[in-house]
Amino acid sequence: MRIGVVNGPKLNLLGEREPEHYGHRTLAEIEAMLRTRAERRSIELEFMQSNDEGAIIAWLQEHAPGVDGWLVNAAILTHSSEALRDALLAAAHPFVELHLSNVFAREPFRHRSVLAEHAVGVIVGFRENSYLLALDALADYLERR
Ligand code: DQA
């Protein structure tokens, strides 16, 4: 099983950016945690972060043939990017949407996701553990379908 992990704008700043919402782990630390968990389950990961919507869409298109599903923390793009939504539909694999923070306990504009209705499920609010929970949830889903 191979899973692509997509990280949207500003997640490169994790560790220093608004730790009250996002915790203290850097994205590199989260990637390492996720790779350890994935290895235990014999899952291969393709991991990316970009601040550029177009680069994320291009990456999804490029990697779609080689993966079975996606973990998506689209960050701010979650709330408005119809372009990313179309790209995920075109990439045609099951995906889990995840967020470090509990977006429903924050500003109203974060309560809306243009991706969620197409996701297998959504995990929010568990800081870096959201990634691990999302990996397990997606892997279980892919194994059972
Ligand atoms: C986020 C939540 C988004 O609303 C925000 O724009 C982010 C991070 C999260 O992981 O909690 O950049 O996706």
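I will try to describe carefully the structure that is included in this document. Being a predicted model, the structure only gives us computed values, none of them experimental.

Quick notes on the rules
- Residues numbered from 1 in each chain as written.
- Predicted model: local features only at pLDDT ≥ 70, side-chain atom pairs only at ≥ 80, totals over all residues.
- Heavy atoms only, no water.
- Axes fitted to C-alpha atoms, helices over the stretch in contact; angles between N-to-C directions.
- Helix = DSSP H or I, 4+ residues; strand = E, 2+ residues; numbered from the N terminus.
- Parallel < 35°, antiparallel > 145°, perpendicular 65-115°, else oblique.
- Left-handed = near helix turned anticlockwise from the far one by under 90°.
- Contact = heavy atoms within 4.5 Å.
- Nonpolar A, V, L, I, M, F, W, Y, C, P; charged D, E, K, R; others polar.
- Buried < 20%, exposed > 50% of the residue type's maximum accessible area, 1.4 Å probe, protein only.
- Arc of directions from axis to C-beta.
- Polar contact = N/O pair within 3.5 Å; in protein donor to acceptor, adjacent residues only side chain to side chain.
- Expected span 1.5 Å × (residues − 1).
- 1 Å grid on protein atoms, 1.4 Å probe; cavity = no way out; pocket = protein on both sides within 12 Å on 5 of 7 lines; lining within 4 Å.
- Points joined across faces, edges and corners; volume = space filled by probe spheres on them.
- Core = buried A, V, L, I, M, F, W, Y, C linked by side-chain atoms within 4.5 Å.

The next thing to look at is the packing of helix α2 (residues 27-40) against helix α5 (residues 129-144). Across the interface, α2 lies against α5 with an axial gap of 9 Å and an inter-helix angle of 30°. The angle between α2 and α5 places the two elements in the roughly parallel class. As α2 packs across α5, the resulting crossing turns out to be right-handed. Only Asn129, Tyr131, Leu132, Leu135 and Asp136 of α5 make contact with α2, whose side of the interface consists of Leu27, Ile30, Met33, Leu34, Arg37 and Ala38. Class assignment of the residues belonging to the contact of α2 with α5 gives a composition of eight nonpolar, one polar and two charged.

Ile56, Trp59, Leu60 and His63 are the residues of helix α3 (residues 53-63) that are buried. Seen end-on, α3 carries its buried residues on one side only, within an arc spanning 100°. Those residues of α3 that are exposed and angled more than 90 degrees off the buried face are Gln61 and Glu62. Residue Asp52 occupies the N-cap position of α3, its side-chain oxygen lying 2.8 Å from the main-chain nitrogen of Gly54.

Turning to α5, a few remarks are in order. Side chains that are three or four residues apart share a direction in an α-helix, a result of its 3.6 residues per turn. For α5, spanning 16 residues, the distance from its first C-alpha to its last is 23 Å, which sits close to the expected 22 Å at 1.5 Å a residue. Listing the buried residues of α5 in full gives Ser130, Tyr131, Leu132, Ala134, Leu135, Asp136, Leu138, Ala139 and Leu142. Buried residues in α5 make contact with β1 (2-7), α2, β2 (44-49), β3 (69-73), β4 (95-99) and β5 (121-124).

Per the counting criterion, the structure on display carries one cavity of 30 Å³ or more. Contributing to the lining of the largest cavity are 14 residues, with Tyr22, Ala75, His99, Arg106 and Arg110 lying nearest its centre. Considered class by class, the residues forming the lining of the largest cavity number six nonpolar, five polar and three charged.

Take the nonpolar core next. If you look at soluble globular proteins, the nonpolar side chains tend to sit buried side by side. Counting residues in each nonpolar core, the largest one holds 25 residues, and the members touching the most others are Ile3, Leu34, Leu45, Leu71, Tyr131 and Leu135. Secondary-structure elements contributing two or more residues to this core are β1, α2, β2, β4 and α5. Examining the composition of this core, we find that seven residues originate from one element, α5, more than from any other. Each residue touching Leu71, except ones within four places of it in the same chain, is listed here: Ile3, Gly4, Val5, Val6, Leu34, Val96, Leu98, Tyr131, Ala134, Leu135 and Leu138. With 19 residues, the next largest nonpolar core counts Val6, Ile56, Leu77 and Ala87 among its residues.

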